[in-house]
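Overview (structure and organization)
Spelled out, the chains give:
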Amino acid sequence: MTRFFELRENRAATARHKGDFNAAHTWFLPSIECTECGETWGESGHHYPSVDLASLRERARFVSPAPVSVAAFNELRELVRPLAPPHSELPPGTHLGPLTGTARGDLGPVTWQGNFLLLLRRDTLEQLQSSGVRGLSAHRTELRWRQGASPEYFELQIEPRGRLHADCVPRDLEPPCPSCGWFPLSCPDSPVLTEESIPTDVDLFRVGNFATMLIGTERFAQAVQELRLDGISLREIPSR
């Protein structure tokens, strides 16, 4: 039986490298301000660095942080959909395009932005690929170093594929808003994956209904351990 592991930053390990970066994706889908449920919201963890909006005449509409109505959001999402991977949900707050910004110091072989955006140095990426890890979709960042050498870092486009089990969802939660889809699910203390939702063709994926949670297969976890990528901590997650 395949085992699965949640990935998180090992801050004690990454802090030893004495580097940092300040960066954001080039475009994003705005948050929604819903008049039906009264919520203003956007999701985290939906990152598509492969999606290039430069050819869109309306691309300037994807750089404003201001929330929009449900109708305006749906219009913007349909402009993006032909450029995005098939079956992408593209919720409010989806980030698009390359990660752009400044960096300084030594970021190490692995670095994070929060606990859900993972960057790999080129040699680290190549080592993982050579180890047999499947389905890594890597995209070069546009980080600019303030001084010294400019090593290449790649963002992994980790798509939401699996799902949290229904037992992780409190039974007293209201159903999603029929207008905007707002659903206030919190991260469970003891997450469980829905076995039939788990992809079989990749070794790294996000949880579809909680996209800030990164999951690796046993093959991925073994590669992390063999390569001594101590910037990644692993916690086994059951499935049923």
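Keep in mind that what you see is a predicted model, and the values were worked out from it rather than measured. (Residues numbered from 1 in each chain as written. Predicted model: local features only at pLDDT ≥ 70, side-chain atom pairs only at ≥ 80, totals over all residues. Heavy atoms only, no water.)

Since one α-helical turn is 3.6 residues long, residues separated by three or four positions face the same way. Residues Val-70, Phe-73, Leu-76, Arg-77 and Val-80 constitute the buried set of helix α2 (residues 70-80). One side of α2 holds all its buried residues, which, seen down the axis, span an arc of 125°. Residues of α2 that are buried make contact with β3 (32-33) and β6 (95-104). (Buried < 20%, exposed > 50% of the residue type's maximum accessible area, 1.4 Å probe, protein only. Helix = DSSP H or I, 4+ residues; strand = E, 2+ residues; numbered from the N terminus. Arc of directions from axis to C-beta. Contact = heavy atoms within 4.5 Å.)

As a further point, take the pairing of strand β10 (residues 142-145). Of the two faces of β10, only the one carrying Leu-143 and Trp-145 is buried; Glu-142 and Arg-144 on the other face are not. The pairing of β6 with β10 spans four bridges and is classified as parallel. Note that in β10 the partner of Thr-102 across the bridge is Arg-144. (Pairing = 2+ DSSP bridges.)

A word on the pattern of salt bridges. Scanning all chains against the criterion turns up 19 salt bridges. Residue Asp-123 is joined to Arg-121 by a salt bridge in which the shortest nitrogen-to-oxygen separation is 2.7 Å. Residue Glu-126 is joined to Arg-122 by a salt bridge in which the shortest nitrogen-to-oxygen separation is 3.5 Å. Taken together, the residues span about one helical turn, with Glu-126 and Arg-122 both in helix α3 (residues 122-130) at a distance of four residues. A relative accessible area of 34% places Arg-122 in the partly exposed class. (Salt bridge = Lys/Arg side-chain N within 4 Å of Asp/Glu carboxyl O.)

Bringing the environment of Ile-158 into the picture now. Among the secondary structure elements, Ile-158 is positioned in the loop between β11 (153-156) and β12 (160-162). With relative accessibility at 3%, the residue Ile-158 sits in the buried group. Counting along the chain gives 53 residues from Ile-158 to Ala-211, while the straight-line C-alpha distance between them is 9.3 Å. Among residues more than four places away in sequence, those in contact with Ile-158 are Leu-204, Phe-205, Arg-206 and Leu-214.

Turning our eyes to something else, we now look at the sheet that holds strand β9 (residues 138-140). Read from one edge of the open sheet, four strands run β7-β8-β11-β9, paired in antiparallel fashion. On the outer flanks of this sheet lie β7 (110-113) and β9, each paired with one strand and no other. Across the sheet, the mean angle from the axis of one strand to that of its neighbour is 35°, orientation sign disregarded. The sheet contacts of α3 involve β7, β8 (117-121), β9 and β11, and relative to β8 the element is tilted by about 95°. (Axes fitted to C-alpha atoms, helices over the stretch in contact; angles between N-to-C directions.)

In this section: the confidence of the model for the chain. Residue-level pLDDT values for the chain average 94, and 99% of them are 70 or greater. The least confident element of the chain is β12, whose mean pLDDT is 91; the most confident is strand β5 (residues 47-48), at 98. (pLDDT = per-residue confidence, 0-100.)

Let us now look at helix α4 (residues 218-226). Taken together, the buried positions of α4 are occupied by Phe-220, Ala-221, Ala-223 and Val-224. Here the buried residues of α4 occupy an arc of 160° about the axis, which is enough to place them on one side. Turned more than 90 degrees from where α4 packs its buried face, Gln-225 and Glu-226 sit exposed. Taken together, the buried residues of α4 touch β1 (4-9), α3, β13 (204-207), β14 (210-217) and β15 (232-237). Of the residues trailing α4, Arg-228 is marked for its positive phi of about 55°.

With respect to the element layout, His-47 can be found in strand β5. A residue is classified by how much of its surface remains accessible, and His-47, at 5% relative accessible area, is buried. Non-local contacts of His-47, meaning those with residues more than four positions away in its chain, are made with His-25, His-95, Phe-116, Leu-117, Glu-155, Gln-157 and Arg-206.

A few words on the state of the cysteines. Per the stated rule, a full pass over the model turns up zero disulfides. For the unlinked cysteine Cys-168, the closest cysteine sulfur is that of Cys-187, found at 8.8 Å. (Disulfide = S-S within 2.5 Å.)

In this section: the packing of aromatic side chains. In the structure shown here, the tally under the stated rule is three aromatic pairs. Ring geometry for Phe-4 against Phe-205: centres 6.4 Å apart, planes inclined by 70°, an arrangement best described as edge-to-face. Pair noted here: Phe-4 is in strand β1 and Phe-205 is in strand β13, with a separation of 201 residues, a long-range link. Each of the two residues, Phe-4 as well as Phe-205, counts as buried. (Phe/Tyr/Trp six-rings, centres within 6.5 Å; stacked < 30°, edge-to-face > 60°.)

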